Structure formats: structure tokens, C-alpha cells
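Structural overview for review
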Amino acid sequence: MYQSKQLAFKPNDHSGQSRLSEILGAFSYALDLTEGQPAGHGIRACWIGTQVAMTLGLNGDRLRDIYYAVLLKDLGCSANAARVTEMFAGDDRKLKHDFKLIGPQPEDFGAFVGSAVGADVEPEIRDQALANLAENVGTIMTEIMGTRCSRGADIARQLRFSEDVAEAIAHLDEHWDGSGLPLGIAGSDIHLGGRIALLAQVADVFYSAKGKDAAIAEVRSRAGSWLDPELCALFEKLSAASGFWEELALDDLPEQLFALEPAVQYVTVDEDYLDDISMAFGRVIDAKSPYTAGHSERVGMIADKMAEKMGMKEDRRRVLRRAAILHDVGKLGVSSAILEKPGKLDSDEWQVMQSHAIHTTNILGQIGVMSDMAMIAGSHHERLDGKGYPLGLDDRSIAMESRIITVADIYDALTTDRPYRTAMTSEKAMAILQGEVGAAVDQRCFEALQDVVAQGLIH
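Keep in mind it's a predicted model, so treat the numbers as computed, not measured. (Residues numbered from 1 in each chain as written. Predicted model: local features only at pLDDT ≥ 70, side-chain atom pairs only at ≥ 80, totals over all residues. Heavy atoms only, no water.)

1. Observations concerning the overall build of the protein chain
Keep this limit in mind: The helix count covers DSSP runs of H or I at least four residues long, the strand count covers runs of E at least two residues long, and both are numbered beginning at the N terminus. Only C-alpha atoms enter the radius of gyration; for comparison, a globular chain is expected to reach 2.2 Å times N to the power 0.38, where N is the number of residues. When a residue's accessible area, from a 1.4 Å probe over protein chains only, is under 20% of the maximum for its type it is buried; when over 50% it is exposed; and in between it is partly exposed. Residue contacts are counted whenever heavy atoms from the two residues lie within 4.5 Å of one another. Using a 1.4 Å probe, accessible areas were evaluated by the Shrake-Rupley method; residue-level cover was limited to the displayed protein chains. Positive residues here are Lys and Arg, negative ones are Asp and Glu, while His and the chain termini are left out of the count. A single reference atom marks each charge: NZ on Lys, CZ on Arg, CG on Asp, CD on Glu.
When helices and strands are counted, the protein chain shows 22 helices and 0 strands. Here the C-alpha radius of gyration of the protein chain, 23 Å, is about what a compact globule of 459 residues would show, namely 23 Å. Dimensions of the protein chain, computed from the C-alpha atoms along their principal axes, are close to 65 × 60 × 35 Å. Buried positions account for 56% of the 459 residues belonging to the protein chain. For the protein chain, restricting intrachain contacts to residue pairs at least 6 apart in sequence, the fraction spanning at least 24 positions comes to 70%. Here the protein chain has roughly 18600 Å² of accessible surface; of this, 51% comes from carbon and sulfur atoms. Within the protein chain, the 69 negative side-chain charges are centred at a point lying 3 Å from the centre of the 45 positive side-chain charges.

Below is the structure:
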């Protein structure tokens, strides 16, 4: 429902150099999934925002900060997904998608609440959600927006971006007239990057859903209320120029956008930076559910210690750690209503849940310097007996790195709380894993985990 065709994306290979924009541009597709937006929303918004910034005369580091603030504006979006599902009693991805299409007036929000809240749940659950919103809507919306903006700013800092990028992301949902959240600041007190990012978001959301005329009309209608009127005037001039909308629709827009990356055409992304990027997006993944806090980092740590016991060399272990940390990046495309469900998933829900492995492979496969991790990470639910997913691989074709991640993932999942059960003891988890040796679990990997657990290297 929320997908458009995948934009063309051709990873580069520059002999050890990688364009930072390409790496983060690929991850922006994961953020699009979380927001229920058509594929490439972050790319298109960044292109629009960069055009506006260049028309303003920005260049160098200032332009580069705007570029990355808009590209990564949704870094914190996973952090409020579970809360959106809980408070609005529905699919967070659909709710977020539809919320961005409502009008700017209070009555528009009221109409959205009346139609969207609890649309697919039992009447008593819907009534309870509506009553809670009626009583606490201001507090709830401030919390939801605040979580998204503050978490996004923190992750931008972890990605080594400037405080300007972090502040711009923190101000994404502020409005020119002071009616925004969570800070309620107005006018030029809102970071310029935040003002540009919100304009670009509104423009692309309506363009993707209803076409260019709707995008222009929506930006015009929000000038002076939500949006900086000067930026809106610039956007109208740009959008009237020949080729603006045609270029936005091009399949190779990602390559054109990456060529616009300001200040430094190619950023050398060394091994340490790749580690930081992996850890940062591991935090994005884990924020999707309150039950998975720290899961990605722990799976990376457990997998690394297992690999060390198995004699794997450091350079190979480093790739394994990143793949393990990012193994669930595809879960950003799964509704929190499914991830947080306390009972058994039905067949349709299970099919959606299984799709996360394919999303993981596709996202990592777009990143030149991480493409060797794509199948490793995306195969963590394959089984030696061929009964796993998504491809039904068996012991003839599952890489050792994937086998290690599988065991690390299962162990951490069993020993932490989940919506449907409390955490198991290490002893019980190891007994379950032992029962799967030869079917889902590789014998050598199980023995390596036994050694790691016995030595107290993990808890």
C-alpha cells in the first residue's frame, strides 16, 4: 500500500572510498519504510531541500548540513512507532502515512482521529483510545513528536554530523507560527534546516500521493502558518521552472542527488566510521520496539565472541559484527502492531513479519561497501534443514557468518523479554538451542556459544 517502484540505485566502488551520501541514502529507504512512505521519499525530499538551499545562496558546509539534515530528517521515526500504535490503536506505518496527508487546521486533525483511530480493532478498544486522546491529546502528541525529534538528533550526532544537523532534525516538526511540537518555537528561532526539511517533506508527501499540483497548493496553503513564507515563495519559483518535476521523477534521481553532495565530493568512510554508522542504525532498528532495546548491539557482540572462539580472523569478524548489528534493519518495514502483538500472529501477519529478511538484504545490498553483508544479514532466519525463510536455503548454501548470527539472535531473543513471554534463563535458552542443533543451529556455532556463556563473556 505504501510502496512505489524502487528508485534506481547503483552503488559506487572507489577503491576504498565511499561517498557518504550513497551509504546514508540507502539507509534512507529503511526510514521511508518506517514512515509508511513510498520508496525514495527521503531522496526526493533531500533533492527538493537542496534545490531550495542552493537558491538561497548556501554553499560549503552550510549547504552540506542542510543536505544531510533533510536526507536524515526521519532518523528518529522508529522511536515513536510503538507509541503511535498504542495510542492510536492501529498500524503505525499506515497512521503515519495518512497523518502526513491531513490538512493544517485543527479540525483536519479531528477528522483524522475520528476516521483513523482504531479503524481495524474491536469497538471497545477504539472507544478507549478515542477517550484517552480526547483527554490527553496535547500531552500524547508532544511526547510522540518529542521522542522522534530528540532521538533523531542524538543519532545524527553519533553519525558524526554537526550540531547544526542535529538541531535541524530536532526542529523538523516545529511550525513557523509556533503551533508545532514539541518546543512550540516560531519563525527564525526554528533552525533553517528544520524549516527547509518540513517544506520538502510536505512537498514530496503530497507530490507522491496526489501529484505536483497538489504539492504546490499544499505548500502555498501552509505558507506563514506551518512553513516559512520566504522558503515557500522560493519553492514556487523553483517548481515553475522547466524540468523541476520531471527531474524529481527520474529513476536515476539518487545518482543526481549524490552528485550534489556539497563541500566534499567523496568522503573517505574508513572502517571505524563504518562501525559507527552500523551502530547508529542499530539504534534506529532497536528503537522500533521497547522490547528490542540493545538487541542489535548484543547480537553483534555475541556473534563476534563466537567467531573469535571459532578462530575467525579480525577483518572477517568486523564484517560479521556489522552484519549482525544490522540483521534486523528490515523490521523497520514491519508494523509495530505486528511486532508488539502479545499473541500468535495470523498467516497474513506472519507473512509480513517474514518480509523483514528480504528488506534487510535489499537495503544492505544497495550499499557498495556493505553489499557483502547483505546475504549474510538477510539469511539469519534460514535453517540448515531448508525450512527457514525467506529463500529456504539449507546447509549447502548458508554461510558460516549467517549461522553465527542465527545462533546469537536466537540466544538474545530467548534471554530477553518479548511481548508474548518473559525472558528465559541462560540455561533454558541453551537447552532450546541444543535441541535445534542440526536443524536450525550449526553444531560448531552452538559449541562456540557454549564456551562464550561458560566463560561469562555474555549474560
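2. Overview of the pattern of salt bridges
Here is the rule we go by: By convention in these notes, a salt bridge is any Lys or Arg side-chain nitrogen within 4 Å of a carboxyl oxygen on Asp or Glu.
Summed over all chains, the structure comprises 35 salt bridges. Asp276 is the partner of Arg160 in a salt bridge, and the nearest nitrogen-oxygen pair spans 2.8 Å. Pair noted here: Arg160 is in the loop between α7 (123-158) and α8 (163-170) and Asp276 is in helix α14 (residues 271-286), with a separation of 116 residues, a long-range link. In this structure, Glu314 and Arg317 form a salt bridge, with 3.4 Å as the shortest nitrogen-oxygen distance. With a gap of 3 residues between them, Glu314 and Arg317 both fall in helix α16 (residues 314-325), about one helical turn apart. On the basis of relative accessibility, which here comes to 40%, the residue Glu314 falls in the partly exposed class. One salt-bridge network, held together by shared partners, links Glu35, Lys73, Asp74, Lys96, Lys100, Arg148 and Asp173.

3. Notes on the nonpolar core
The cut-off we apply is this: Here, nonpolar core means buried Ala, Val, Leu, Ile, Met, Phe, Trp, Tyr and Cys residues that are tied together by side-chain atoms lying within 4.5 Å of each other.
Core analysis: the biggest nonpolar cluster contains 111 residues, and Leu24, Phe27, Leu75, Leu159, Ile277 and Met306 have the highest contact counts within it. In terms of residue count, helix α9 (residues 192-210) provides more of this core than any other element does, 11 residues in total. Beyond its immediate stretch of four places on either side in the chain, Leu24 contacts Tyr68, Leu71, Leu72, Leu159, Phe161, Ile277 and Phe281. If you look at the next biggest cluster of nonpolar residues, it comprises 16 residues, including Phe88, Val113, Ala116 and Met141.

4. A few points about the packing of helix α20 (residues 400-414) against helix α21 (residues 426-435)
Our working rule: Angles here are taken between N-to-C directions and fall from 0 to 180 degrees, while the axes themselves are lines fitted to C-alpha atoms, restricted in helices to the stretch in contact. Any angle that falls under 35 degrees is termed roughly parallel, while one over 145 is termed roughly antiparallel, one within 65 to 115 roughly perpendicular, and all others oblique. Rotating anticlockwise by less than a right angle from the far helix to the near helix defines a left-handed crossing, while the corresponding clockwise rotation defines a right-handed one. Throughout, the ten residues Ala, Val, Leu, Ile, Met, Phe, Trp, Tyr, Cys and Pro are labelled nonpolar, Asp, Glu, Lys and Arg are labelled charged, and all others, Gly among them, are labelled polar.
The N-to-C vectors of α20 and α21 enclose an angle of 140°; their axes lie 9 Å apart at closest approach. One element, α20, and the other, α21, form an angle in the oblique class. In this structure, α20 meets α21 at a crossing whose hand is right-handed. Facing α20, whose interface residues are Val407, Ile410, Tyr411 and Leu414, α21 presents Ser426, Ala429, Met430, Ile432 and Leu433. Across the contact of α20 with α21, the residue classes break down as 8 nonpolar, 1 polar and no charged.

5. Here's the deal with the confidence of the model for the protein chain
Put simply, the rule is: The predictor reports its confidence for every residue as pLDDT, a score running from 0 up to 100.
Looking at the protein chain, the pLDDT average stands at 93 and 95% of residues meet or exceed 70. Overall, residues 1-16 carries pLDDT values under 50, and its contacts beyond four positions in sequence, including any with other chains, amount to 55 contacts.

6. Focus on the packing of helix α15 (residues 295-309) against α16
Interaxial distance between α15 and α16 falls to 7 Å at its minimum, and their mutual angle equals 150°. When the axis of α15 is compared with that of α16, the two are roughly antiparallel. The element α15 and its partner α16 pack so that their crossing is right-handed. Contact residues: α15 offers Ser296, Glu297, Val299, Gly300, Ala303, Asp304, Ala307 and Glu308, while α16 offers Arg317, Leu320, Arg321, Ala324 and Ile325. For the contact of α15 with α16, the per-class residue count stands at 6 nonpolar, 2 polar and 5 charged.

7. Remarks on the environment of Thr422
Along the chain, Thr422 falls in the loop between α20 and α21. In this view, Thr422 contacts Thr416 and Asp417; residues no more than four positions away in its chain are not counted.

8. Describing α14
Selection criterion: Expected span of a helix: the number of residues minus one, times 1.5 Å. Whenever a nitrogen or oxygen atom comes within 3.5 Å of another N or O atom, the pair is scored as a polar contact, on the condition that within protein one atom can donate a hydrogen and the other can accept it, and that pairs from neighbouring residues in sequence are kept only if both atoms are in side chains.
Taking 1.5 Å of rise per residue, 16 residues should cover 22 Å, and α14 covers 23 Å from first to last C-alpha, within 8% of that figure. Among all positions in α14, only Tyr273, Leu274, Asp275, Ile277, Ser278, Ala280, Phe281, Gly282, Val284, Ile285 and Asp286 are buried. Elements in contact with the buried residues of α14: α1 (20-34), α7, α15 and α16. The backbone nitrogen of Asp272 lies 3.3 Å from a side-chain oxygen of the residue at the head of α14, namely Asp270.

9. Observations regarding the side chain of Asp409
Looking at the secondary structure, you find Asp409 in helix α20. Lacking a salt bridge, the buried Asp409 has Arg418 as its closest oppositely charged neighbour, with an N-O distance of 5.7 Å. When residues no more than four places from it in sequence are discounted, the contact partners of Asp409 are His295, Val299, His327, His380 and His381.

10. A closer look at the packing of aromatic side chains
Within a pair of aromatic rings, the relevant descriptors are the distance that separates the centres and the angle that separates the planes. Defined as follows: For Phe, Tyr and Trp, rings pair up if their centres lie within 6.5 Å, where Trp contributes its six-membered ring, and each pair is then called stacked (planes under 30 degrees apart), edge-to-face (over 60) or tilted (otherwise).
Evaluation of the coordinates by the stated rule reveals 13 aromatic pairs. Here Phe99 and Phe112 contribute two aromatic rings whose centre-to-centre distance is 5.6 Å and whose plane-to-plane angle is 65°, an arrangement assigned as edge-to-face. In this pair, Phe99 is assigned in helix α5 (residues 92-99) and Phe112 in helix α6 (residues 106-116), connecting sequence segments 13 residues apart. Assessed through its relative accessible area of 24%, Phe99 is described here as partly exposed.

11. Concerning α7
Which entries qualify depends on this criterion: Bending is quantified residue by residue as the angle between axes fitted to the seven-residue window ending at that residue and the seven-residue window starting at it.
Here α7 spans only 43 Å end to end across 36 residues, well under the 52 Å set by a 1.5 Å rise per residue. Maximum bend of α7: about 90°, positioned at Asn136. Positive backbone phi, at 75°, marks Arg160, one or two positions downstream of α7.

12. Points about the environment of His380
Locating His380 in the fold gives a position in the loop between α19 (374-378) and α20. Considered as a pair, His380 and Pro390 are 10 residues apart in the sequence and their alpha carbons are 9.5 Å apart. Other than its neighbours up to four places away in sequence, His380 contacts His327, Asp328, His356, Ile405, Thr406 and Asp409. In terms of polar contacts, His380 uses its side chain to reach the backbone carbonyl oxygen of Ala377, at 2.6 Å. Of note is the side chain of His380, whose polar atom sits 3.2 Å from the side chain of His381.

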